[in-house]
Amino acid sequence: MAGYIFTLDNINSLNEIILNQVYSTNLNIPQSNRWLTHHEGTFTDYLSMTEGDNVYFFIKRKIYGVGKLININGECKHLNFPGADIPITEDFLDLKDKMILNKSTFYLGNRFICT
(Lines give C-alpha, C1' and ligand atoms only; values in the text may rest on other atoms or scores of the structure.)
Protein backbone atom coordinates (compact mmCIF):
# COMPACT_ATOMS: atom_id res chain seq x y z
CA MET A 1 0.00 0.00 0.00
CA ALA A 2 1.39 3.39 -1.01
CA GLY A 3 0.83 6.74 0.63
CA TYR A 4 0.74 10.25 -0.80
CA ILE A 5 1.32 13.54 0.99
CA PHE A 6 -0.64 16.52 -0.30
CA THR A 7 0.49 19.94 0.84
CA LEU A 8 -2.38 22.39 1.27
CA ASP A 9 -2.16 26.15 1.68
CA ASN A 10 -4.77 26.51 4.43
CA ILE A 11 -7.48 24.81 6.47
CA ASN A 12 -10.17 26.05 4.05
CA SER A 13 -8.59 23.89 1.35
CA LEU A 14 -8.85 20.87 3.64
CA ASN A 15 -12.51 21.67 4.36
CA GLU A 16 -13.24 21.85 0.63
CA ILE A 17 -11.52 18.51 0.01
CA ILE A 18 -13.59 16.91 2.78
CA LEU A 19 -16.79 18.45 1.41
CA ASN A 20 -16.12 17.40 -2.22
CA GLN A 21 -14.45 14.07 -1.31
CA VAL A 22 -11.89 14.62 -4.08
CA TYR A 23 -8.39 16.05 -4.22
CA SER A 24 -6.58 17.60 -7.14
CA THR A 25 -3.26 19.33 -7.62
CA ASN A 26 -3.61 22.68 -9.40
CA LEU A 27 -1.15 22.83 -12.30
CA ASN A 28 -0.13 25.89 -14.26
CA ILE A 29 -0.22 25.27 -17.99
CA PRO A 30 3.25 25.78 -19.50
CA GLN A 31 3.53 28.42 -22.20
CA SER A 32 5.43 25.95 -24.37
CA ASN A 33 2.28 23.80 -24.76
CA ARG A 34 4.19 20.77 -23.50
CA TRP A 35 4.37 19.32 -20.02
CA LEU A 36 7.53 19.96 -18.03
CA THR A 37 9.35 17.50 -15.77
CA HIS A 38 7.49 18.53 -12.60
CA HIS A 39 4.13 18.13 -14.37
CA GLU A 40 5.13 14.65 -15.53
CA GLY A 41 6.11 13.72 -11.96
CA THR A 42 2.70 14.81 -10.70
CA PHE A 43 0.94 12.81 -13.41
CA THR A 44 3.06 9.77 -12.59
CA ASP A 45 1.99 10.02 -8.95
CA TYR A 46 -1.67 10.12 -9.95
CA LEU A 47 -1.34 7.25 -12.42
CA SER A 48 0.28 5.04 -9.77
CA MET A 49 -2.56 5.53 -7.25
CA THR A 50 -4.71 2.53 -6.42
CA GLU A 51 -7.73 1.95 -4.24
CA GLY A 52 -6.77 1.62 -0.59
CA ASP A 53 -3.69 3.85 -0.78
CA ASN A 54 -3.43 6.40 2.02
CA VAL A 55 -3.43 10.14 1.45
CA TYR A 56 -2.11 12.58 4.05
CA PHE A 57 -3.04 16.26 4.11
CA PHE A 58 -0.18 18.47 5.24
CA ILE A 59 -0.63 22.14 6.25
CA LYS A 60 2.15 24.27 7.77
CA ARG A 61 4.37 21.33 8.74
CA LYS A 62 1.54 19.30 10.33
CA ILE A 63 -0.54 16.40 9.07
CA TYR A 64 -4.19 17.38 9.47
CA GLY A 65 -5.88 14.33 8.09
CA VAL A 66 -5.52 10.89 6.63
CA GLY A 67 -7.72 9.50 3.91
CA LYS A 68 -7.96 6.33 1.91
CA LEU A 69 -8.46 6.29 -1.85
CA ILE A 70 -11.62 4.62 -3.11
CA ASN A 71 -12.64 3.60 -6.61
CA ILE A 72 -15.49 5.33 -8.40
CA ASN A 73 -16.40 3.81 -11.76
CA GLY A 74 -13.50 1.38 -11.39
CA GLU A 75 -10.74 3.95 -10.67
CA CYS A 76 -9.56 6.23 -7.86
CA LYS A 77 -8.00 8.75 -10.26
CA HIS A 78 -9.74 10.52 -13.12
CA LEU A 79 -9.23 13.30 -15.63
CA ASN A 80 -11.15 16.36 -14.47
CA PHE A 81 -12.33 16.91 -18.06
CA PRO A 82 -11.78 15.31 -21.47
CA GLY A 83 -8.28 16.12 -22.75
CA ALA A 84 -7.08 17.30 -19.32
CA ASP A 85 -3.84 15.42 -19.90
CA ILE A 86 -3.03 17.59 -22.94
CA PRO A 87 -1.12 20.82 -22.09
CA ILE A 88 -3.49 23.22 -23.82
CA THR A 89 -5.59 25.92 -22.20
CA GLU A 90 -9.27 25.39 -22.88
CA ASP A 91 -12.14 27.84 -22.54
CA PHE A 92 -13.92 27.36 -19.22
CA LEU A 93 -17.42 27.93 -20.63
CA ASP A 94 -16.84 25.25 -23.28
CA LEU A 95 -15.67 22.74 -20.66
CA LYS A 96 -17.76 23.57 -17.60
CA ASP A 97 -20.45 20.96 -18.23
CA LYS A 98 -17.80 18.28 -18.88
CA MET A 99 -15.73 19.00 -15.75
CA ILE A 100 -15.93 17.15 -12.44
CA LEU A 101 -14.60 20.14 -10.45
CA ASN A 102 -16.19 23.10 -12.21
CA LYS A 103 -17.02 25.93 -9.79
CA SER A 104 -14.77 28.49 -11.53
CA THR A 105 -11.98 28.98 -14.05
CA PHE A 106 -9.52 28.14 -11.23
CA TYR A 107 -10.42 24.47 -11.69
CA LEU A 108 -9.04 24.39 -15.25
CA GLY A 109 -5.68 23.83 -13.53
CA ASN A 110 -7.03 20.71 -11.82
CA ARG A 111 -6.20 18.21 -14.55
CA PHE A 112 -6.31 14.97 -12.53
CA ILE A 113 -8.43 14.26 -9.47
CA CYS A 114 -8.35 11.41 -6.99
CA THR A 115 -11.21 10.12 -4.90
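(A) Region of the structure containing unusual backbone geometry. Positive phi, close to 50 degrees, is recorded for Lys60, a residue that is not glycine. Examined against the element boundaries, Lys60 turns out to sit in the loop between strand 2 (54–59) and strand 3 (62–68). The class for Lys60 is exposed, based on a relative accessible area of 69%.

(B) Examining the environment of His38 more closely. Relative to the elements of secondary structure, His38 occurs in helix 2 (residues 37–48). Given the relative accessible area of 52%, His38 is considered exposed.

(C) Inspection of helix 2 at higher detail. Over its 12 residues, helix 2 extends 17 Å from the first C-alpha to the last, a length consistent with the 16 Å expected when each residue adds 1.5 Å. Along helix 2, the positions that sit buried rather than exposed are His39, Thr42, Phe43 and Tyr46. An end-on view of helix 2 places all buried positions within 95 degrees of arc, on one side of the element. The outward face of helix 2, more than 90 degrees from its buried face, is lined by the exposed residues Thr37, His38 and Thr44.

(D) Highlighting the pattern of salt bridges. This structure, assessed with the given rule, holds 1 salt bridge. Of the charged contacts in the structure, one is a salt bridge between Glu75 and Lys77, with a shortest N-O distance of 3.0 Å. You can call Glu75 partly exposed: its relative accessible area is 33%.

Rules used throughout
- Residues numbered from 1 in each chain as written.
- Predicted model: local features only at pLDDT ≥ 70, side-chain atom pairs only at ≥ 80, totals over all residues.
- Heavy atoms only, no water.
- Helix = DSSP H or I, 4+ residues; strand = E, 2+ residues; numbered from the N terminus.
- Buried < 20%, exposed > 50% of the residue type's maximum accessible area, 1.4 Å probe, protein only.
- Expected span 1.5 Å × (residues − 1).
- Arc of directions from axis to C-beta.
- Salt bridge = Lys/Arg side-chain N within 4 Å of Asp/Glu carboxyl O.

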